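# Descriptive structure summary
Chain residues, written in single-letter form:
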Amino acid sequence: QQQVKQSPQSLIVQKGGISIINCAYENTAFDYFPWYQQFPGKGPALLIAIRPDVSEKKEGRFTISFNKSAKQFSLHIMDSQPGDSATYFCAAVVDDMRFGAGTRLTVKP
Amino acid sequence: SQTIHQWPATLVQPVGSPLSLECTVEGTSNPNLYWYRQAAGRGLQLLFYSVGIGQISSEVPQNLSASRPQDRQFILSSKKLLLSDSGFYLCAWSKKSNQPQHFGDGTRLSIL
């Protein structure tokens, strides 16, 4: 049972553009929402995370927007760079962590 | 700071052979430990998790087993590998179940 739905599956963005990845969850008990970045041949690395008591969190070019009533959250990558090309996973946590299916981002120079 | 080690990085095994993948964590005590499998271009499938020595929970029935002989050591095993066991195996740790997980760099397993 997929508890976190992530879209799109793949995304192509031009250098300098904004990348947006969306996730939706079902279980209202989730209380922590991390995003992971994975490069080929490497394990996922924690990128940024948010708790549901805030609507937005920004770290450098990465921003999480959180809509508790809609049970949705999204990752925005501003000024996208070719080095951002990776697979991104959203996740939701309560007693355990449930991952989205992943989004493969390609940033073209 | 905490670090997680997985080895080997790559492994090629014949069908029917045994398997042992090892994961160790440094810099923390009594971590939660996890084994995931990731098929090519796919998401993360949780295989096993452990909240303490000798305590293993299995998420999916399969040809694999896990053991935790020491606090910071997690082992993934199989007695006889199948072709379908090929994939990218990732170990992860967290301080508690409701806190973020931190991943190792994985083992690429190919079954011939």
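What this report covers is the structure whose coordinates are included nearby. Here the structure is a predicted model, which means the values were calculated and not measured.

About the criteria used
- Residues numbered from 1 in each chain as written.
- Chains lettered and ligands numbered in written order.
- Predicted model: local features only at pLDDT ≥ 70, side-chain atom pairs only at ≥ 80, totals over all residues.
- Heavy atoms only, no water.
- Helix = DSSP H or I, 4+ residues; strand = E, 2+ residues; numbered from the N terminus.
- Buried < 20%, exposed > 50% of the residue type's maximum accessible area, 1.4 Å probe, protein only.
- Contact = heavy atoms within 4.5 Å.
- Core = buried A, V, L, I, M, F, W, Y, C linked by side-chain atoms within 4.5 Å.
- Buried area = accessible area lost by both parts, 1.4 Å probe.
- Salt bridge = Lys/Arg side-chain N within 4 Å of Asp/Glu carboxyl O.
- Polar contact = N/O pair within 3.5 Å; in protein donor to acceptor, adjacent residues only side chain to side chain.
- Nonpolar A, V, L, I, M, F, W, Y, C, P; charged D, E, K, R; others polar.

Moving on to the environment of phenylalanine 62 of chain A. Residue and element names in this part refer to chain A. Tracing the backbone shows phenylalanine 62 in strand β7 (residues 62–67). Taking relative accessible area as the criterion, phenylalanine 62 reaches 13% and is therefore assigned buried. In this structure, the C-alpha to C-alpha distance between phenylalanine 62 and isoleucine 48, residues 14 residues apart in sequence, is 7.6 Å. Phenylalanine 62 has contacts with Leu47, Ile48, Lys57, Leu75, His76, Ile77, Asp84 and Tyr88, leaving out every residue within four places of it along the chain.

If you look at the biggest cluster of nonpolar residues, it comprises 24 residues, and the most contacted ones within it are Phe33, Trp35, Phe73, Leu75 and Tyr88 of chain A. Those elements that provide at least two residues to this core are β2 (10–14), β3 (19–25), β4 (33–38), β5 (45–50), β7, β8 (72–77), β9 (86–93) and β11 (103–108) of chain A. Tallying contributions element by element places β9 of chain A first for this core, with four residues. Counting 20 residues, the second largest nonpolar core, distinct from the first, contains Val25, Leu33, Ala66 and Ile111 of chain B.

Once that is clear, we can look at the interface of chain B and chain A. At the junction of the two partners, chain B supplies 18 residues and chain A supplies 18 residues. The junction of chain B with chain A conceals about 1,400 Å² of combined surface from both sides, 55% of it contributed by carbon and sulfur atoms. Looking at the side of chain B facing chain A, the largest losses of area belong to Leu44, Asn98 and Pro100 of chain B, adding up to 30% of the total buried there. Summed over the shared surface of chain B and chain A, the number is two salt bridges. At the surface where chain B touches chain A, the tally comes to two residue pairs in polar contact (both at pLDDT 80 or more). Elements supplying a minimum of two residues to the side of chain B that touches chain A: β4 (32–38), β9 (87–94) and β10 (102–103) of chain B. Per-class residue counts for the side of chain B that touches chain A are six nonpolar, nine polar and three charged.

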